[in-house]
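Structural overview
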Amino acid sequence: MLRILDDIQSITSEEFDSIVADLPQWRKSIVSAYKHIEDRRESALSFHLLQQILDKQYAIREIRFNINEHGKPSLEAHPNIHFNMSHCRHAVACIVADHPVGVDIERLGRYKERIAQYTLSATELATIDSLPHVGMSHAAAADLQFTILWTKKEALLKLIGTGITDNLKNILHTYDGQVKFSTTINTAKQYVCTVAEWAE
């Protein structure tokens, strides 16, 4: 189950305080360690989504993590339940499944050519350069395509659980046919969210 909360800026201080109060103490410590309120909000809300899904689907109310050597968390008492969380300034996302999953959500408007050249393959760069842009500027079309590709790469990295690798430019090609992606585009709320799962 994938859930996206994309109105996080409208959550009042009182609502946020209530959400934080419902977090386990170990997660409260993580949330409070963030310097900026935006980061605290995103961390708390993504975990809150996980709490809601686990409670609804599995009646799990006590959550503790195991963290692997690359920083990927799993449920300490429920190793067969897989989850992943992601957040950006506009929204937070959480997915829970009975098989490995990765999710990434990113806000639109972050495209820069130098970043694209550092993270995208030659084929991907060529695709962006040749984009048709009916109904939007070329810059907006390039930004959207870059964000889709970026979320695919991040979701894939989170699926395999190894963190950033030296193969970032070509990672989609490396795993071509092995992974299926599902991408949600919300231009009104200014975000792209991609889920990565192993292909059957």
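Heads up: these notes are all about the structure in this document. (Residues numbered from 1 in each chain as written. Predicted model: local features only at pLDDT ≥ 70, side-chain atom pairs only at ≥ 80, totals over all residues. Heavy atoms only, no water.)

What about the sheet that holds strand β7 (residues 179-186)?
The antiparallel open sheet is built from 3 strands, whose spatial order is β6-β8-β7. Strands with a single pairing partner mark the edges of an open sheet, and in this sheet they are β6 (101-107) and β7. The mean inter-strand angle of the sheet, taken between neighbouring strand axes irrespective of direction, is 15°. Direction of pairing for β6 relative to strand β8 (residues 191-198): antiparallel, over a ladder of 7 bridges. Each residue of the ladder has a partner; that of arginine 107, found in β8, is tyrosine 191. (Pairing = 2+ DSSP bridges. Helix = DSSP H or I, 4+ residues; strand = E, 2+ residues; numbered from the N terminus. Axes fitted to C-alpha atoms, helices over the stretch in contact; angles between N-to-C directions.)

Observations concerning the sheet that holds strand β4 (residues 82-87)
The strands that make up a sheet are held in pairs by hydrogen bonds between backbone atoms, and each pair lies either parallel or antiparallel. Read from one edge of the open sheet, 3 strands run β1-β5-β4, paired in antiparallel fashion. Here the strands that pair on one side only, and so sit at the sheet edges, are β1 (2-5) and β4. Each neighbouring strand pair of the sheet contributes to a mean axis angle of 10°, computed without reference to strand direction. Alignment of β1 against strand β5 (residues 92-97), held across 4 bridges, turns out to be antiparallel. Its bridge partner lying in β5, arginine 3 is registered against cysteine 94.

Observations concerning the layout of surface pockets
Quantified by volume, the largest pocket comes out at close to 440 Å³. If you trace the largest pocket, you find 22 residues lining it, with Gly71, Pro73, Asn84, Met85 and Lys158 closest to the centre. When residues of the lining of the largest pocket are traced back to their parent elements, those giving at least two are α2 (25-33), α3 (37-58), β2 (65-67), β4 and α6 (138-160). Grouping the amino acids of the lining of the largest pocket by side-chain chemistry returns 8 nonpolar, 10 polar and 4 charged. (1 Å grid on protein atoms, 1.4 Å probe; cavity = no way out; pocket = protein on both sides within 12 Å on 5 of 7 lines; lining within 4 Å. Points joined across faces, edges and corners; volume = space filled by probe spheres on them. Nonpolar A, V, L, I, M, F, W, Y, C, P; charged D, E, K, R; others polar.)

Thoughts on the pattern of salt bridges
This structure, assessed with the given rule, holds 6 salt bridges. Arginine 89 is the partner of aspartate 39 in a salt bridge, and the nearest nitrogen-oxygen pair spans 3.3 Å. Pair noted here: aspartate 39 is in helix α3 and arginine 89 is in the loop between β4 and β5, with a separation of 50 residues, a long-range link. Close ionic contact of glutamate 124 with lysine 153 constitutes a salt bridge, the shortest N to O distance being 2.9 Å. Of the two residues, glutamate 124 is situated in helix α5 (residues 122-129) and lysine 153 in helix α6; the sequence distance between them amounts to 29 residues. The residues glutamate 124 and lysine 153 share a single accessibility class, namely buried. (Salt bridge = Lys/Arg side-chain N within 4 Å of Asp/Glu carboxyl O. Buried < 20%, exposed > 50% of the residue type's maximum accessible area, 1.4 Å probe, protein only.)

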